[in-house]
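A look at the structure
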Amino acid sequence: MLCGGVGAARFMRALAGVHHATDTTAVINTGDDNSLYRLAISPDIDTVTYTLASAIDLDRGWGLSGESWRAMDALNRYAKVMPSGSAAAPTWFSLGDQDLATHLYRTSRLAEGASLTKVTAEIAAAWGLEQRLLPMSDEAVSTMVTLRDEGVEVPFQEYFVKCHHQVAVAGLRFQGASEAQLTGPARSALIDSEVVVIAPSNPLVSIGPIRALPEVDKLLGRRRDSVVAISPIVGGVALKGPADRMMLELGHEPSAAGVARLYASIAATLVIDPVDEALVPAIEATGMRAIVTPSVMSDIEIGQQLARRVLAAGRE
Ligand code: FO1
């Protein structure tokens, strides 16, 4: 599966109920990664990890449930004296006390020369996961967002968290993507898997960075018939996050048909929710097949039914 954060994690969770976790691989976006507090933070990897470990905070959609924030509170004391221009305590980006352990471990292991792939596997094992969680690349790729009204380009987390993704976007750039490589295991997964699922993640900033890596679109295009995408836009709105607004701001139709136009070259099937039934002709006009099935994973039953339908579609 090509994965971003929350939507992908929810689908992975449902998939675990209908398909062997040991036969499931997630290729996860690292364009959101950042080194705030000089720590190696990988939000989408951690959201998938924590969700599959049933440790995610369901209200926030990120970080750990039952979290405490004592380290952050202590940091806020120093933020008061921090010189302007210093990045020592970016307290607009909160790290919970338990979540901190993940970043401390990952940062130290990377400093010892371990690859992000290796460290991600160690962290997944520590949480008892059987799915294979793979970063899309072991090299740095940074999603940069150009803000329309401010006329500046900022790293993704500044757009998403500091600006609460309420500001209009004029452009996206995946810094480092053309020099970075899909990891070996991720490449093999995209070639050898029976079915590739494009998770219901933001097509532009969660799936986009993965596709920006050399050869990903070519690899998927070659096996397009067994690539199934799930629309993250239902009834014209994103189930979570700014995908609908971002698509509109960047010239795409914020609908399941707009998603089809983005994915038509790499996936033969788009799974849409019944509310979008009227869009089937527009989706088929892109050359994709539309499959209509409840796509809002409001309970585990619906999630598992969606997962079954997606797997079947990839095998047809
Ligand atoms: N999102 C927020 O809205 N505010 C935060 O302070 C915040 C901190 C944070 C720390 C670790 C982490 O893994 C995720 C965190 N997120 C936070 C969510 C993060 O911005 C998003 O999960 C993704 O980058 C977008 O999918």
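Attention in this report is confined to the structure presented alongside it. (Residues numbered from 1 in each chain as written. Predicted model: local features only at pLDDT ≥ 70, side-chain atom pairs only at ≥ 80, totals over all residues. Heavy atoms only, no water.)

What about the site of the ligand?
- The environment of the ligand is made up of 13 residues, and the closest members are Asp32, Pro43, Asp44, Ser94 and Gln157.
- In this structure, an oxygen atom belonging to the ligand sits 3.0 Å away from a side-chain N or O atom of Asp32.
- At a separation of 3.4 Å, a nitrogen atom of the ligand approaches a polar side-chain atom of Trp62.
- Burial of the ligand by the protein chains amounts to 87% of its free accessible area of 530 Å².
- Most atoms of the ligand, that is more than half of them, are within 2 Å of grid points of the largest pocket.
- Residue assignment for the shell around the ligand shows that the elements contributing at least two residues are α2 (43–52) and α6 (156–162).
- Take the shell around the ligand: its biggest share by element is 4 residues, from α6.
- Split by residue class, the shell around the ligand holds 8 nonpolar, 2 polar and 3 charged. (Near = heavy atom within 4 Å. Polar contact = N/O pair within 3.5 Å; in protein donor to acceptor, adjacent residues only side chain to side chain. Areas by Shrake-Rupley, 256 points an atom, 1.4 Å probe, with all protein chains shown as cover. 1 Å grid on protein atoms, 1.4 Å probe; cavity = no way out; pocket = protein on both sides within 12 Å on 5 of 7 lines; lining within 4 Å. Sits in = over half its atoms within 2 Å of the grid points. Helix = DSSP H or I, 4+ residues; strand = E, 2+ residues; numbered from the N terminus. Nonpolar A, V, L, I, M, F, W, Y, C, P; charged D, E, K, R; others polar.)

Remarks on the nonpolar core
- Ranked by internal contacts, the top residues of the largest apolar core, which has 49 residues, are Tyr159, Leu190, Ile198, Tyr263, Leu270 and Ile283.
- Considering each element in turn, this core owes the most residues, 6 residues, to helix α11 (residues 256–263).
- Not counting the four nearest positions on each side in its chain, Tyr159 is found in contact with Val145, Leu147, Val154, His164, His165, Val167, Val169, Pro242 and Met246.
- In terms of nonpolar packing, the next biggest core, distinct from the first, is built from 28 residues, Phe11, Met12, Ala124 and Leu306 among them. (Core = buried A, V, L, I, M, F, W, Y, C linked by side-chain atoms within 4.5 Å. Buried < 20%, exposed > 50% of the residue type's maximum accessible area, 1.4 Å probe, protein only. Contact = heavy atoms within 4.5 Å.)

A few points about the pattern of salt bridges
- The tally for this structure, following the rule as stated, stands at 13 salt bridges.
- Across the pair Arg106 and Asp46 runs a salt bridge whose closest N-O atoms are separated by 2.7 Å. Linking Arg106 in helix α4 (residues 97–111) with Asp46 in helix α2, this pair joins segments that are 60 residues apart in sequence. The pair Arg106 / Asp46 is uniform in exposure class, with both members buried.
- In this structure, Glu122 engages Lys118 in a salt bridge whose closest nitrogen and oxygen atoms are separated by 2.9 Å. Here Glu122 and its partner Lys118 are both found in helix α5 (residues 116–126), 4 residues apart, which amounts to about one turn of the helix.
- Residue Lys118 is classed as partly exposed on the basis of its relative accessible area, which comes to 46%. (Salt bridge = Lys/Arg side-chain N within 4 Å of Asp/Glu carboxyl O.)

Quick word on the sheet that holds strand β5 (residues 153–155)
- Taken together, the 3 strands give an open sheet; going across it, the order is β5-β4-β6, and neighbouring strands pair in antiparallel fashion. Among the strands making up the open sheet, the edge pair consists of β5 and β6 (169–175). Put simply, the sheet's adjacent strands are angled 30 degrees from each other on average, direction ignored.
- Bridge analysis of strand β4 (residues 142–147) against β5 gives 3 bridges, and the strand direction is antiparallel. (Pairing = 2+ DSSP bridges. Axes fitted to C-alpha atoms, helices over the stretch in contact; angles between N-to-C directions.)

With respect to α5
- Listing the buried residues of α5 in full gives Leu116, Thr117, Val119, Thr120, Glu122, Ile123 and Ala124.
- Along its buried surface, α5 packs onto α2, α4, β3 (132–135) and α7 (184–192).
- Just past α5, the residue Gly128 takes up positive phi, approximately 75 degrees.

As for the pairing of β4
- Looking at chain direction, β4 and β6 are connected through 6 bridges and run antiparallel. Along β6, the bridge assignment pairs Met144 with Arg173.

Read these as spatial facts, not as claims about activity.
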